[in-house]
Amino acid sequence: MNDLQYDTEYFWQLPTLIKVVWFMCGVLFVVILILIGYLKFLRSHLRGNEKTLKKYQKEYEENLINYLYAGDGENEMSDEQRAMINKMKICVTDKFKRNIIIAVMSKLINDISGEMAHAIQKFYFETGLVNHALYKLKGKKWDVIASGIKELTQFEVKEAHDEIVKYVKHPNREVRNEAQLYLVSLFQFKGLAFLDKLETPLSEWAQIQLLEILQKFDNQEIPNITPWLQSENNSVVQFALKLAKIYNQFDVIDELLALLSHENKEIRIDTIRVLNYFQDTESKHFLKTNFINSSVEEQMEFFKLLETVADKEDEAFILENVAHHNFEIKQAALKILKAINVEKFNEVKLETSDLQVVEIVNFIETN
Amino acid sequence: MSNKKKIVLAEDNSTLSLLLKFRLEKEGYELLIAEDGKKAIELIEEHSPHLILSDIMMPYISGLEVISHVRNKLKMQIPIIVFSAAGQEEMVLKAFNLGANDFMGKPFSPNELVIRVKRLLSF
């Protein structure tokens, strides 16, 4: 009996549980070997891809720069530039190469302006890359559509307006966001027309992005924001309030006063903030009348407004709120009282038995 | 030995670096490119350039650290132009406080950059 036969016989004589464990060990060993092999293959494949990507990236960077400096200054496009475009036209038919070309162009167009930026846009059109981006708009996946719109925004393809405007109401938020950014980036304040009929919410992040883009333009002539302040879409109203503040829209005061009765608390608070920024006095009467029925947040905002616009006429109202249960309102009331009538403030100081009031008075007097 | 004026360009966008290299070499300058702040400091110490162009946001060592190193450690008074993106206004102020001479907000025109470089190197 040789060693192998002896081992085999010994194995079969083992208890079933031990045999199962040995069998599992064998299976696991094979699985680990397969996984190691697969990981090695995957790593070399990824490294190979990365190497190819770097190679093409370098090649296309050079091609693009050569194209940009190949203009002869006389013709719209030199022969060298034409030859380069024809060469790149072939490359863009391959998805892998196309993505690298787009990445290279994107890197450059974000950082340069002027004639060269126009030349890159021309390159984008002439090589047919624009058609691939337009084709993406017909995709079924939301991320493909969103990336198509983003690309068209980046390369300022105004001709895609009619196609992209359809996506403003797309069920996917990212697609809607990209479509809205496209409209505002390329058509400035006119692009905000989508707000007229917007039914979906405009997220806070989307609002910030839109405002940031708008502030980059030289032309700061804002359209009439009244319809947006009257919108049934609360996020549109909140966005319009931001526009009113940033662009000093004093002529919409009547609409702002109407918004003080809006059903949404956040909108009412935002409105008071804008009125405070405008140092509006017309809203005082309304806000005083409705003070008791307002939320604490609104009351606090109103007192911030009063800190800027309060006068002698508000004295009685201020005195009523010196004993307010909210500390911040109490503090604001005393501060305003000192500003509009020091004598009355001193009277309150002497007569009060409220320890909190005493502390606030001391704080106000020493600061 | 070359009489060309040396410029160190610290920029992590390789395409932009290449574009500026072409443009400035056409104007007769010698460009030394660094893809991060660390490499930029090495090039500055090795070549003592006549001017530095630096992006503010870079890997490893930022443009601000490069300026600080040049002004405080190397005690070099060569002109420095910084590139900044939108929203980096505070960084630009810090760059000026550290000793930068000029700044250009991205996106910028390469032609305008050439004018500024010529102006600073003419003093």
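Now for a description of the structure that goes with this document. (Residues numbered from 1 in each chain as written. Chains lettered and ligands numbered in written order. Predicted model: local features only at pLDDT ≥ 70, side-chain atom pairs only at ≥ 80, totals over all residues.)

1. Some words on the overall build of chain B
Consideration 1: Counting its secondary structure elements, chain B contains five helices and five strands.
Consideration 2: In chain B, the succession of α and β elements from N to C terminus is β-α-β-α-β-α-β-α-β-α.
Consideration 3: Taking the principal axes of the C-alpha coordinates as reference, chain B spans close to 35 × 30 × 25 Å.
Consideration 4: For chain B, the proportion of its 123 residues judged to be buried stands at 37%.
Consideration 5: Intrachain contacts of chain B at a sequence separation of at least 6 include 59% that bridge at least 24 residues. (Helix = DSSP H or I, 4+ residues; strand = E, 2+ residues; numbered from the N terminus. Buried ≥ 20, exposed ≤ 12 C-beta atoms within 10 Å, placed from the backbone. Contact = placed C-beta atoms within 7 Å.)

2. A look at the environment of Met88(A)
All names here are of chain A.
Consideration 1: Note on placement: Met-88 falls in helix α3 (residues 79-91).
Consideration 2: A residue is classified by how many C-beta atoms lie within 10 Å of it, and Met-88, with 21 of them, is buried.
Consideration 3: Taking the C-alpha atoms as reference points, Met-88 and Leu-64, 24 residues apart in sequence, are found 9.5 Å from one another.
Consideration 4: Excluding residues that lie within four positions of it along the chain, Met-88 makes contacts with Asn-63, Ile-101 and Thr-127.

3. Looking at the sheet that holds strand β5 (residues 102-105) of chain B
Backbone-to-backbone hydrogen bonds pair the strands of a sheet. The strands run either parallel or antiparallel.
All names here are of chain B.
Consideration 1: Reading across from one edge, β2-β1-β3-β4-β5 is the order of the five strands in this open sheet, with parallel pairing throughout. Single-partner strands in this sheet number two, and they are β2 (30-34) and β5. Here the strands of the sheet are splayed against their neighbours by 20° on average, with no regard to which way each runs.
Consideration 2: Strand direction decides the pairing type here: strand β1 (residues 6-10) and β2, joined by five bridges, are parallel. Paired with Ile-7 across the two strands is Leu-31, which belongs to β2.
Consideration 3: Strands β1, β2 and β3 (51-55) of the sheet are contacted by helix α2 (residues 37-47), whose axis makes an angle of about 165° with β1. (Pairing = 2+ DSSP bridges. Axes fitted to C-alpha atoms, helices over the stretch in contact; angles between N-to-C directions.)

4. A few points about the packing of helix α9 (residues 173-187) of chain A against helix α10 (residues 204-214) of chain A
Residues and elements named next belong to chain A.
Consideration 1: Contact pair α9 / α10: the axes reach a minimum separation of 10 Å and the direction vectors enclose 15°. Viewed along their axes, α9 and α10 adopt a mutual orientation that is roughly parallel. The element α9 and its partner α10 pack so that their crossing is right-handed. Each of Asn-177, Gln-180, Leu-181, Val-184 and Ser-185 in α9 lies in contact with α10, whose residues at this interface are Ala-206, Gln-209, Leu-210, Ile-213 and Leu-214.
Consideration 2: Here the residues of the contact of α9 with α10 sort into six nonpolar, four polar and no charged. (Parallel < 35°, antiparallel > 145°, perpendicular 65-115°, else oblique. Left-handed = near helix turned anticlockwise from the far one by under 90°. Nonpolar A, V, L, I, M, F, W, Y, C, P; charged D, E, K, R; others polar.)

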